[in-house]
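Each chain is listed here by its residues.
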Amino acid sequence: MSSTPAEEAARRRTFAIISHPDAGKTTLTENLLLAGGAIRLAGQVAARGERRRTSSDWMKIERDRGISVSASVMTFEHDDLMFNLLDTPGHEDFSEDTYRTLTAADSAVMVLDAAKGIEPQTLKLFEVCRMRDIPIITFINKMDREALDPLELLDEIQDKLQLDTSPLYWPAASGQRFSGMKDLRKGDFVSFRKKTAEEGVQPGPSDRIGMQEARDTLDAMVMDELEEGADLASEALPDFDEQAFREGHMTPVVFGSALRHFGVNELLSTLAEFAPAPRPQTAEKNGQKITIDRADKPVAGFVFKIQANMDPNHRDRVAFLRLCSGEFKRGMRLKTTENKQINIHNPLMFLAQDREIAETAYAGDVIGVPNHGQLRVGDSLSENGDIKFQGIPNFAPEILRRARPKDPMKSKHLRKALESLAEEGVTQLFTPSLGSDMIVGAVGALQIDVMAERVAAEYNLEVVFEQAAYNVARWIASDDPAKLEAFLEKNRGSTGVDLDGAPVYLAKNAWDVGYAQEKNPDLKFTATKERM
Ligand code: G4P
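One structure accompanies this document, and this report is about it.

Conventions used here
- Residues numbered from 1 in each chain as written.
- Predicted model: local features only at pLDDT ≥ 70, side-chain atom pairs only at ≥ 80, totals over all residues.
- Heavy atoms only, no water.
- Near = heavy atom within 4 Å.
- Polar contact = N/O pair within 3.5 Å; in protein donor to acceptor, adjacent residues only side chain to side chain.
- Areas by Shrake-Rupley, 256 points an atom, 1.4 Å probe, with all protein chains shown as cover.
- Axes fitted to C-alpha atoms, helices over the stretch in contact; angles between N-to-C directions.
- Helix = DSSP H or I, 4+ residues; strand = E, 2+ residues; numbered from the N terminus.
- Parallel < 35°, antiparallel > 145°, perpendicular 65-115°, else oblique.
- Contact = heavy atoms within 4.5 Å.
- Nonpolar A, V, L, I, M, F, W, Y, C, P; charged D, E, K, R; others polar.
- Pairing = 2+ DSSP bridges.
- Core = buried A, V, L, I, M, F, W, Y, C linked by side-chain atoms within 4.5 Å.
- Buried < 20%, exposed > 50% of the residue type's maximum accessible area, 1.4 Å probe, protein only.
- Salt bridge = Lys/Arg side-chain N within 4 Å of Asp/Glu carboxyl O.

### So, the site of the ligand
In the region of the ligand, 18 residues are neighbours, and Asp22, Lys25, Thr26, Thr27 and Asp144 sit closest. Separating a nitrogen atom of the ligand from a side-chain N or O atom of Arg145 is a distance of 3.2 Å. For the ligand, an oxygen atom lies 3.2 Å from a polar atom in the backbone of Leu259. Against a free-state accessible area of 710 Å², the protein chains account for coverage of 76% of the ligand.

Now the structure itself:
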């Protein structure tokens, strides 16, 4: 192929799916990969057993619990575009991982359960998208079940998310009566036909018919309702405005049923039509704020995720590097801003079920960089090591536990294990100023279980997690180093450092934090720390 790196970058579409657990993200992912031709048979993502075991699930604990702990990426080509679908874990305990993954996405598909609308996790994830102005395409799923009134659903999006909605389709009823949807731009009808058992739910091209044919063949009442609803919607709702969408103020809406493979082709064409190519990224170079454009020549990117043991036979880790500019070539040597050199001989590209060695990669692509622990979440990599992307946030843990090895002789080993897991960004590790305790911080309780399981499986150590003397951790910063020093000195019993040596305040509860803040107005106690 003779396209230039800039042209290659321009055909990348890197997106994530956000949803509340159970809205149908896994089913939609599977069906999008099918529609995109990345996998062949329905259920193949989950070929080895129960449905939820998608290709990104790789640990026993995930299978046992039926959740996907780690985020990964799946690449497929469709319509002359390269789609990179960033997989995010749905369970709320892993939201930190999800948040970080969103930093690597240029757009997102928001999946709503048609009977439930906006749910708490949808809202949280949406807020992250909004912070980063990530454009959102809405997919209202499960139309084959009794749904809320579509206008009500769109109203809710408008109210709760302050996001203008512009339906590209309008559904004809829902549940038992669900018959399809009208394409509001083309004016024809995508018909939903209940397939026979023999036909199964295999995807294929959508059944498109003219409105007249739809009228002639479908229930008259359903069609009347459809026309009435569609008229109301076009009167009450704004036309789709691409600019507003790109700025994150408006969302195009597609209806469907991921399970019945309905609306998935339409969602994919909406993505192809509107999802933006790799966005410019803000970074710092020689102390100056700069913008890195996908067409810029030097190769640069940032690590948004580290995953260990993708291959159970190896101990290596894989850093997921989102490229933001340049033409990456296999064998390249990139540097972090701390001048760590990484020779990338075997960059991985992730297909739906497989991994391949990437010979070249462009802005928007995510490559896996195998390493032995040199790379950390938040690291920027570039040819000269002089580009620093704006930080990926660390969130203050909501659960703190004191970790000790069951065998007291293994304390050093345990520290090493916890440090390397913290480097992956699975959990955080704090060391109080006094004593030698190891305090593990997690955003949710499930992470602590995952941690114990991994320490056992990967380091052959039994770890005991106990109630810690603290429940809240806040990073402390100040423009006045002397004041910070004085505070740390005075509060040695309730301060410590994180993995990077950054000072943290370890408090019993939120009230203590408030009190400390009040007493020390020159200090800042923050729940997030940008790793840069
Ligand atoms: P998640 O990743 O967002 O958590 O959701 P997932 O895809 O696992 O879907 C959650 C449940 O909703 C699954 O049912 C799935 O089959 C069902 N589902 C997804 N999309 C649709 C749809 O369009 N229509 C209908 N009717 N159901 C849908 P489950 O009973 O929890 O799992 P399973 O036993 O079917 O595997």
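Next comes the rest of the description.
### With respect to the packing of helix 2 (residues 25-35) against helix 10 (residues 264-274)
Packed helix pairs are specified by the crossing angle of their axes together with the interaxial distance, meaning the distance between the axes. Two elements in contact, helix 2 and helix 10, have axes separated by 9 Å at closest approach and are oriented at 75°. Viewed along their axes, helix 2 and helix 10 adopt a mutual orientation that is roughly perpendicular. Together, Leu28, Asn31, Leu32 and Ala35 of helix 2 and Val264, Asn265, Leu267 and Leu268 of helix 10 make up the contact between the two elements. Here the contact of helix 2 with helix 10 is built from residues that sort into six nonpolar, two polar and no charged.

### Structural notes on the sheet that holds strand 27 (residues 428-432)
Two pairing modes exist for strands in a sheet, parallel and antiparallel, and in both the strands are linked by backbone hydrogen bonds. Ordered in space as 29-26-28-27-31-32-30-33, the eight strands form an open sheet in which the pairing is antiparallel. Where the open sheet ends on each side, the last strands, each with one partner, are strand 29 (463-467) and strand 33 (523-526). Here the strands of the sheet are splayed against their neighbours by 40° on average, with no regard to which way each runs. Across five bridges, the pairing between strand 26 (residues 399-405) and strand 29 is antiparallel. What sits directly across from Arg401, in strand 29, is Gln467.

### Regarding the sheet that holds strand 2 (residues 73-78)
Spatially, seven strands are ordered 2-3-1-4-5-11-6 in an open sheet, and the strand pairing comes out mixed. Each of the sheet's edge strands pairs with one partner strand only, and the pair in question is strand 2 and strand 6 (164-167). Strand after strand, the sheet turns through a mean of 30° between neighbouring axes, direction not considered. Taken together, the three bridges between strand 5 (residues 136-141) and strand 11 (residues 250-255) define a ladder with parallel strand orientation. Pairing of Thr138 across the sheet is with Val253, part of strand 11. Along the sheet face, helix 5 (residues 120-131) touches strand 1 (12-19), strand 4 (107-113) and strand 5 and points at about 145° away from the line of strand 1. Lying over the sheet, helix 6 (residues 150-161) contacts strand 4, strand 5, strand 6 and strand 11, oriented at roughly 150° with respect to strand 6.

### Section: the nonpolar core
Counting 88 residues, the largest nonpolar core has Leu28, Val109 and Leu271 as its most contacted members. With six residues, helix 10 is the largest single contributor of residues to this core. Beyond its immediate stretch of four places on either side in the chain, Leu271 contacts Phe15, Phe83, Val109 and Ile137. In this structure, Val303, Leu323, Ile342 and Leu381 belong to the second largest nonpolar core, which totals 19 residues.

### What about the pairing of strand 27?
A large share of strand 27 lies buried, amounting to four of its five residues. Here strand 27 runs beside strand 28 (residues 438-442); their pairing, made up of three bridges, is antiparallel. In the sheet register, Phe430 faces strand 28, and the bridge partner there is Ile439. What sits between the antiparallel neighbours strand 27 and strand 28 is a turn of five residues, in which Gly435 has the positive phi angle 80°. As judged from the two bridges shared by strand 27 and strand 31 (residues 495-497), these two strands associate in the antiparallel manner. Paired with Pro432 across the bridge in strand 31 is Gly496.

### Let's talk about the pattern of salt bridges
Counted by the stated rule, this structure contains 29 salt bridges. Taking the shortest distance from any N to any O, the salt bridge between Glu225 and Arg177 comes out at 2.8 Å. Of this pair, Glu225 sits in helix 8 (residues 220-236) while Arg177 is found in the loop between strand 7 (169-172) and strand 8 (180-183), placing the two residues 48 residues apart along the sequence. Judged by its relative accessible area of 38%, Glu225 falls in the partly exposed class. One salt-bridge network, held together by shared partners, links Glu8, Arg11, Arg12, Glu77, Asp80 and Asp365.

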